[in-house]
Amino acid sequence: VRTWHQVQGLFDVPQLGEIFWKHVNDEAPEQTHIYKLPLKMWGFLLKHIIDMLLLSVTNPERFYEEQFALVIRHIRYGVRAEYLTPMGKAIFSVFEETLGDK
């Protein structure tokens, strides 16, 4: 939680969106077409993903309730299981880039 707050303190949502998109595109350029989002929205997507991960730790019951709707939406979008690994790697790369040696 503290690390995520550090990142949010250093970068605004549009900046995070650009950084996140760059890393997703580096990891899996064939996937970025699925998320037809402006760069600013990539920042909101990253924020939502991190917030959901933190929710899974702090309030697992609520996380699982919200997870069902999230999964259904992603199936409708055409997201497949193999898309998750590059997305996860991109998230870690965002933390590495934005925090450096901090």
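What counts, and where the lines are drawn
- Counting of residues starts from 1 at the beginning of each chain's written sequence and follows it residue by residue.
- Per-residue local features are limited, in this predicted model, to residues with pLDDT of at least 70; the limit for side-chain atom pairs, both in listing and counting, is 80 or more; totals at the level of whole chains, interfaces and linings are taken over all residues.
- Computation of side-chain values covers all heavy atoms of the structure but excludes hydrogens and water.
- Salt bridges, as used here, are contacts in which a Lys or Arg side-chain nitrogen is within 4 Å of a carboxyl oxygen on Asp or Glu.
- Helix and strand definitions here come from DSSP, where helices need a minimum of 4 consecutive H or I residues and strands a minimum of 2 consecutive E residues; each element is numbered from the N-terminal end.
- Buried, partly exposed and exposed residues are distinguished by accessible area as a fraction of the type maximum, computed with a 1.4 Å probe on protein chains only: under 20%, between the cut-offs, and over 50%, respectively.
- Each nonpolar core is a collection of buried residues, namely Ala, Val, Leu, Ile, Met, Phe, Trp, Tyr and Cys, held together in the definition by side-chain atoms within 4.5 Å.
- Any two residues having at least one pair of non-hydrogen atoms within 4.5 Å are treated as being in contact.

Chemist: How should I be thinking about the pattern of salt bridges in this particular structure?
Modeler: A side chain with one charge can pair with a side chain of the opposite charge if their charged atoms come near. Tallied over the entire structure, the rule returns four salt bridges. In this structure, D51 engages K47 in a salt bridge whose closest nitrogen and oxygen atoms are separated by 2.8 Å. Here D51 pairs with K47, and both are found in helix α3 (residues 39-58), just four residues apart, close to one helical turn. Of the residues examined, D51 reaches a relative accessible area of 30% and is grouped as partly exposed. Ionic pairing is found between R62 and E66, a salt bridge with its closest N-O pair at 2.8 Å. A residue pair is termed a helical-turn pair when its members lie 3 or 4 positions apart in one helix, as R62 and E66 do in helix α4 (residues 60-77) at four residues. Given the relative accessible area of 43%, R62 is considered partly exposed.

Chemist: Would you take a moment to explain the nonpolar core for this structure?
Modeler: One broad trend across soluble globular proteins is that nonpolar side chains are buried collectively. Of all hydrophobic cores here, the largest spans 21 residues; its most connected members are W4, F20, Y35, L46, I91 and F95. When contributions to this core are tallied by element, the ones reaching two or more residues are α1 (2-10), α2 (13-27), α3 and α5 (84-99). The biggest single contributor to this core is α5, with six residues. Beyond its immediate sequence surroundings of up to four residues, W4 is in contact with L16, L46, K47, I50, D51, L54 and F95.

Everything listed is a geometric property; what it means functionally is a separate question.
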